[in-house]
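Analysis of the macromolecular model
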Amino acid sequence: MESGSSPNSFGWRCCLPTSDATTISLSCPLEPGRPWLVGRALDVLRQVVGVQSDPAGERYAVGRRHGAPLILGEPLLWNDLTVVAEAHEPASGAIGEFTLRLPPWSELAGAIPETELWEVTDRLAAEFAASCGILSDGQAIGYPDLDQPRLTAQRLQRRHLGVLVPVTWLEFLRPGSTAYQVLPRSGLTLVLE
């Protein structure tokens with residue numbers, strides 16, 4: 001963090017206890033004929049916050065030699081921070097996973113304003129028509145059972161620092177859970193622990 005800057009100088013109202021990495025991960029329906037998740041995410045990230053490719057980072061991909069890669073990680077720079085846009089698109093699945101891998105909160109908070117992070121999250125969730133998501137310390141959402149929203153919401157809340165859920169799932173969360181922020185474009189609500 002630069003001298004004289006603090007998380008508060010970037011408008012943070014919360015503290016995210018991430019020591020490994022701060023991850024925002026979304027469960028996304030895969031639509032036949034749509035561009036790959038990472039490509040769509042890069043469009044959003046470039047438009048909203050001007051991310052650039054990280055020339056020192058290593059791109060990684062695992063695939064089938066046709067169609068979207070099963071796993072694709074794109075190294076980026078956001079306000080001089082190294083971040084990775086990562087997507088999992090299973091060959092036989094109707095649901096994919098997009099994860100934005102950011103530095104731990106101690107680095108993140110000094111370089112990226114909180115409002116900017118939630119704006120990007122909202123725009124990505126809207127772009128993908130995300131069903132739900134998580135905020136975690138290095139973990140991705142996986143493939144939640146969307147046919148059982150009560151169990152899924154409770155499981156996600158137990159395992160992660162925060163959840164991004166549709167308003168209809170709020171009743172399934174622990175008593176006393178309070179919405180931290182509503183993401184207007186996507187319709188998801190961020191609930192932090």
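The paragraphs below set out a description of the structure included in this document. (Residues numbered from 1 in each chain as written. Predicted model: local features only at pLDDT ≥ 70, side-chain atom pairs only at ≥ 80, totals over all residues. Heavy atoms only, no water.)

**Remarks on unusual backbone geometry**
Negative phi characterises most residues that are not glycine, and trans characterises most peptide bonds. A positive phi angle is found at Asp-80, which is not glycine, with a value near 70 degrees. On the secondary structure map, Asp-80 appears in the loop between strand E4 (71-78) and strand E5 (81-88). We classify Asp-80 as exposed; its relative accessible area is 73%. Positive phi outside glycine occurs at Ala-129, with the angle close to 50 degrees. (Helix = DSSP H or I, 4+ residues; strand = E, 2+ residues; numbered from the N terminus. Buried < 20%, exposed > 50% of the residue type's maximum accessible area, 1.4 Å probe, protein only.)

**What to know about the environment of Ser-25**
Checked against the element boundaries, Ser-25 lands in strand E1 (residues 22-29). Classification of Ser-25 by relative accessible area gives buried; the value is 0%. Ser-25 sits 138 residues away from Val-163 along the chain, and the two C-alpha atoms are 9.5 Å apart. Ignoring sequence-local partners within four residues, the contact set of Ser-25 consists of Glu-97, Phe-98, Thr-99, Cys-132, Gly-133, Ile-134, Gln-139, Ala-140 and Ile-141. Reaching out from Ser-25, the side chain makes a polar contact with the backbone nitrogen of Ile-141 at a distance of 2.9 Å. (Contact = heavy atoms within 4.5 Å. Polar contact = N/O pair within 3.5 Å; in protein donor to acceptor, adjacent residues only side chain to side chain.)

**A word on the pairing of E5**
Most of E5 sits inside the fold, with seven of its eight residues counted as buried. By the bridge criterion, eight bridges tie E4 to E5 in an arrangement that is antiparallel. Looking at the pairing, Trp-78 lines up with Leu-81 of E5. Connecting E4 to the next strand, E5, in antiparallel fashion are two residues, including Asn-79 with a positive phi near 50 degrees. Note: E5 against strand E6 (residues 95-102), five bridges, orientation antiparallel. The residue of E6 that forms the bridge with Glu-86 is Thr-99. Hairpin connection, E5 to E6: the antiparallel pair is bridged by six residues. (Pairing = 2+ DSSP bridges.)

**Digging into the pairing of strand E7 (residues 132-136)**
Most of E7 is tucked away: five of the five residues are buried. Of the pairings in the sheet, the one linking E1 to E7 comprises five bridges and is antiparallel in character. Counted as the bridge partner of Leu-26 is Gly-133 from E7. Pairing between E7 and strand E8 (residues 162-166): three bridges, direction antiparallel. The residue bridging Leu-135 from the neighbouring strand is Gly-162, located in E8.

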